[in-house]
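Given next are the chains, with one letter for each unit.
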Amino acid sequence: MRKVIFLIISVFVLVSCEEESTIQVQNMLSKAVIKDVEWGGLPISSQILPGQSSGKITVFEDESYYDINLPESNPIKFYIDLNGDLIYVQTKASYRLDVDNDLIIVIEDSTAVFNPLLEKEK
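This one's a predicted model, so the numbers in the text were calculated from it and none came from an experiment.

Caption draft 1: Structural context of the sheet that holds strand S11 (residues 102–108). Taken together, the three strands give an open sheet; going across it, the order is S4-S1-S11, and neighbouring strands pair in mixed fashion. A single partner strand is all that each edge strand has here, and the edge strands are strand S4 (57–60) and S11. Going from strand to strand, the sheet's axes swing by 25° on average, the running direction of each strand aside.

Take a look at the structure:
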């Protein structure tokens with residue numbers, strides 16, 4: 001009986017030790033919706049309206065499903081929806097998410113972005 005209790009406590013301690021972080025994106029673009037927002041392959045939000053924020057996404061220290069091992073830096077990839085026209089872009093800057101960190105990324109008119117599909121054609 002002692003071994004079973006010890007095993008249960010050990011499993012609980014091991015599971016509890018994994019650190020978690022959160023990531024959130026704010027859309028401060030004037031008059032543009034951002035869609036299919038992701039960081040390092042991790043989906044953040046399907047759509048963020050101007051002036052709104054995504055929900056907080058919890059990222060564990062070793063997120064094996066999305067192949068993320070914190071700390072890690074990645075750009076934000078998304079579509080800009082401007083009057084029904086979709087443009088795929090990603091930020092030139094990478095955003096670092098550390099272990100046990102809360103990261104809020106603000107996408108605004110001055111955020112440097114590029115279209116990687118067009119860059120490869122050059």
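Caption draft 2: Fine view of the sheet that holds strand S9 (residues 85–91). Across the sheet, five strands lie side by side as S3-S2-S8-S9-S12; this open sheet has antiparallel pairing. The sheet is open, and its two borders are formed by strand S3 (42–48) and strand S12 (113–114), each paired with just one other strand. As paired strands, strand S8 (residues 76–82) and S9 are joined by six bridges and run antiparallel to one another. Within the sheet, the bridge partner assigned to Asp81 lies in S9 and is Leu86.

Caption draft 3: Seen up close, the environment of Pro116. Along the chain, Pro116 falls in helix H2 (residues 116–119). Each residue touching Pro116, except ones within four places of it in the same chain, is listed here: Tyr88 and Gln90.

Caption draft 4: Local environment of the nonpolar core. Judged by nonpolar contacts, the single largest core of 22 residues is most densely connected at Ile23, Val25, Trp39 and Ile76. Counting residues per element, the ones that place at least two in this core are strand S1 (20–28), strand S2 (33–39), S3, S8, strand S10 (95–97) and S11. In this view, Val25 contacts Ile34, Val37, Ile44, Ile48, Gln52, Ser53, Ser54, Ile76, Ile105 and Ile107; residues no more than four positions away in its chain are not counted.

Reading the values: the criteria
- Residues numbered from 1 in each chain as written.
- Predicted model: local features only at pLDDT ≥ 70, side-chain atom pairs only at ≥ 80, totals over all residues.
- Heavy atoms only, no water.
- Pairing = 2+ DSSP bridges.
- Helix = DSSP H or I, 4+ residues; strand = E, 2+ residues; numbered from the N terminus.
- Axes fitted to C-alpha atoms, helices over the stretch in contact; angles between N-to-C directions.
- Contact = heavy atoms within 4.5 Å.
- Core = buried A, V, L, I, M, F, W, Y, C linked by side-chain atoms within 4.5 Å.
- Buried < 20%, exposed > 50% of the residue type's maximum accessible area, 1.4 Å probe, protein only.

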